[in-house]
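Structural overview
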Amino acid sequence: MRSIRILPALCAACLLPGAALAQQAQPAKPAQASQPAAAPANAQVYFIWPQDGMVIEGGKFWVRMGLRNMGVAPKGTAVAHTGHHHLLIDTELPPMTEAIPNDRNHLHFGAGETEARVELPPGKHTLQLLLGDKDHVPHKPPVQSKKITITVR
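Being a predicted model, the structure only gives us computed values, none of them experimental.

Describing the overall build of the chain
Of the regular secondary structure elements, the chain holds two helices and nine strands. In the chain, the order of α-helices and β-strands from amino to carboxyl end is α-α-β-β-β-β-β-β-β-β-β. Buried residues in the chain amount to 33% of all 153 residues. Contacts spanning at least 24 positions in sequence make up 68% of the contacts within the chain whose residues lie at least 6 apart. For the chain, the computed accessible surface area is about 9,700 Å², with 57% contributed by carbon and sulfur atoms.

Thoughts on the sheet that holds strand 3 (residues 60-68)
Spatially, the three strands line up as an open sheet ordered 1-3-7, and their pairing is antiparallel. The open sheet terminates on both sides in strands that have one partner only, identified here as strand 1 (44-49) and strand 7 (115-119). When strand polarity is set aside, the average angle formed by the axes of neighbouring strands in this sheet is 35°.

A few points about the environment of Q35
Structurally, Q35 can be placed in the loop between helix 2 (17-25) and strand 1. A relative accessible area of 67% places Q35 in the exposed class. Taking the C-alpha atoms as reference points, Q35 and E98, 63 residues apart in sequence, are found 9.6 Å from one another.

With respect to unusual backbone geometry
For the peptide bond that leads from W49 to P50, omega is 0°, which places it in the cis range. Here K140 and P141 are connected by a cis peptide whose omega angle stands at -5°. Considering the arrangement of structural elements, one finds P141 in the loop between strand 8 (123-132) and strand 9 (148-152). Even without glycine at this site, N69 takes up a positive phi of about 65°. Relative to the assigned elements, N69 resides in the loop between strand 3 and strand 4 (71-72). Residue H136 is not a glycine yet carries a positive backbone phi of 70°. The exposure class assigned to H136 is buried, which follows from its relative accessible area of 18%.

Focus: the confidence of the model for the chain
Of the residues in the chain, 78% reach a pLDDT of 70 or more, and the chain-wide mean stands at 84. In this model, residues 1-33 is a region of pLDDT below 50 whose contacts with residues beyond four sequence positions or in other chains number zero contacts.

Parameters and conventions
Residues numbered from 1 in each chain as written. Predicted model: local features only at pLDDT ≥ 70, side-chain atom pairs only at ≥ 80, totals over all residues. Heavy atoms only, no water. Helix = DSSP H or I, 4+ residues; strand = E, 2+ residues; numbered from the N terminus. Buried < 20%, exposed > 50% of the residue type's maximum accessible area, 1.4 Å probe, protein only. Contact = heavy atoms within 4.5 Å. Areas by Shrake-Rupley, 256 points an atom, 1.4 Å probe, with all protein chains shown as cover. Pairing = 2+ DSSP bridges. Axes fitted to C-alpha atoms, helices over the stretch in contact; angles between N-to-C directions. pLDDT = per-residue confidence, 0-100.

Here is the structure:
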């Protein structure tokens with residue numbers, strides 16, 4: 001049985017060598033950059049907790065993120081007026097036309113999380129939220145929170 005399934009496929013490949021070569025000879029099309037997803041002008045992302053100026057004892061704490069006039073959806077979800085949270089720690093906003101970096105200063109919550117346990121070393125830290133679309137690109141206009149400062153002891 002197995003050889004019967006393979007044999008027609010091999011014969012078809014032998015009969016169409018020109019077609020296979022023609023497919024290989026075509027130049028690859030460059031990947032097109034996706035356009036930033038649209039966001040309502042009144043959309044807001046904000047911190048529920050912590051609040052600006054707070055002193056947090058210990059290095060572990062919960063960050064709770066809020067969103068108004070848009071919905072939260074996991075990465076890859078192509079639904080209008082939705083996105084997912086990114087937490088920027090001790091850094092500036094990234095370019096608004098590119099995917100948000102994914103590193104220790106740019107935490108992605110691509111599963112649609114609205115809260116997360118974060119651990120930071122003692123000292124002053126800045127936090128800012130930036131909503132990303134299905135491809136982690138900021139919306140147009142960008143949906144970003146005010147930058148807050150916290151102190152970890």
